[in-house]
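Listed below, chain by chain, are the residues.
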Amino acid sequence: MTSALPFDDFRNLLANLPAADTTAETRVRTLFAKADKPGNSLGRIEDIAAWLAAWSGRAPPAVTRPLMAVFAGNHGVIRQGISPRPVAATANAVELCAAGGAAINQICIANDLGLKVFDLALHIPTADISEDAALDERGCAATMAFGMEAIAGGTDLLCLGDLGVGNSTVAAALFAALFGGRGADWVGPGSGADGAMQARKADVVDAALAFHGGHLGDPLEALRRVGGREFAAIAGAILAARMQKIPVLLDGFAATAAAAVLHAANPTALDHCLLASLSPEPAHARATERLGLRPLLDFGIGHGEGAGAALAAGLVKAAALTSSGMAAAVRG
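Residues numbered from 1 in each chain as written. Predicted model: local features only at pLDDT ≥ 70, side-chain atom pairs only at ≥ 80, totals over all residues. Heavy atoms only, no water.

Trainee: Just to check I follow, could you spell out helix α11 (residues 229-243) for this structure?
Mentor: Turn by turn, an α-helix covers 3.6 residues, leaving residues three or four places apart pointing in a common direction. Between its first and last C-alpha atoms α11 spans 21 Å; for 15 residues at 1.5 Å apiece the expected length is 21 Å, and the two agree. Burial of α11 is extensive: 14 of the 15 residues sit out of reach of the surface. (Helix = DSSP H or I, 4+ residues; strand = E, 2+ residues; numbered from the N terminus. Expected span 1.5 Å × (residues − 1). Buried < 20%, exposed > 50% of the residue type's maximum accessible area, 1.4 Å probe, protein only.)

Trainee: Just checking my understanding: could you explain the side chain of His284 for this structure?
Mentor: Of note, His284 is situated in helix α13 (residues 282-291). The class for His284 is buried, based on a relative accessible area of 0%. Aside from chain neighbours lying at most four places away, what touches His284 is Gly252, Phe253, Thr256, Leu275, Ser277, Leu278 and Ser279. (Contact = heavy atoms within 4.5 Å.)

Trainee: When you look at the packing of aromatic side chains in this model, what are you seeing that I'm missing?
Mentor: Geometrically, a pair of aromatic rings is defined through the distance of the ring centres and the angle of the planes. Tallied over the full model, the rule gives six aromatic pairs. Where Phe175 meets Trp186, the ring centres are 5.3 Å apart and the plane angle is 20 degrees; that geometry is what we call stacked. Here the residue Phe175 occupies a position in helix α7 (residues 167-179), and Trp186 occupies one in helix α8 (residues 183-186), the gap between them amounting to 11 residues. On the accessibility criterion, Phe175 (0% relative accessible area) is buried. Residue Trp186 is classed as buried on the basis of its relative accessible area, which comes to 3%. Put simply, the rings of Phe175, Phe179, Trp186 and Phe253 touch in pairs and so form one group of aromatic residues. Cation over ring: Arg286 sits above Trp186, and NZ or CZ is 4.4 Å from the ring centre. (Phe/Tyr/Trp six-rings, centres within 6.5 Å; stacked < 30°, edge-to-face > 60°. Lys NZ or Arg CZ within 6 Å of the ring centre and 35° of its normal.)

Structure, rendered in structure tokens:
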């Protein structure tokens, strides 16, 4: 008799990912080619519309129920002095979002996006990754499953962001586990770390890599050992969107690290994703290049909350309307 392990369902999903609807994608590109304009003159707008069609199965595509989902988590490694901000800042940011006063609230209003902010047990930080696993397998799998529920109310464009004091260090540890290198290769200023604090961040990442050693070759093991709750939830949300054929906009250093876990498990796992924004973290550009992700925006936004994804959603909505409006003219 065999007993299923918590990660088994996710491994099965990652081995059986739905493919793009190439017929819908081709139809959108054909309609653009027939429109009364120079060929490919709309550049990436045409590519975005074709991507939307490929991953929604709708040609021309439409975005009528976009959702911004922000996942917030706290990390035990914060006690190592790796952030200039106190751990309470995560809960404060969540409360500001709930009160409607955060940057993400205003951008969602501007672009007519739904907004959900998820408090992932902020009162119980994960274990310190430099001396223990952040989560056990059951807890990590449960958090991934929780993240999958982000799309439960229905959406046709999922935008993902994060909140979490210290999570740039955790993201650096994940990137190092997945891509190789040392802490110094992946850490950056985060929310304002000076040189001495960045050195501590690098040391913490190196300590985590040494402690977890040979267990980091499995991407899901890396996620539970040197990741955190918001990373697990974002990975789950990306995976759920893929299974339901929902296009995804990723934003930020931490969300990209969560996505990298899925990419390491299956190199096609992010085909339904676009990168909204490139953060100021020095290693973010290198990581996105490894993942084959090209940002839609480069505004130097390191604020978190998914602000870049919410801004990019406006571009995606415009691409959908451009495609549908021009298609109607062609048919007319």
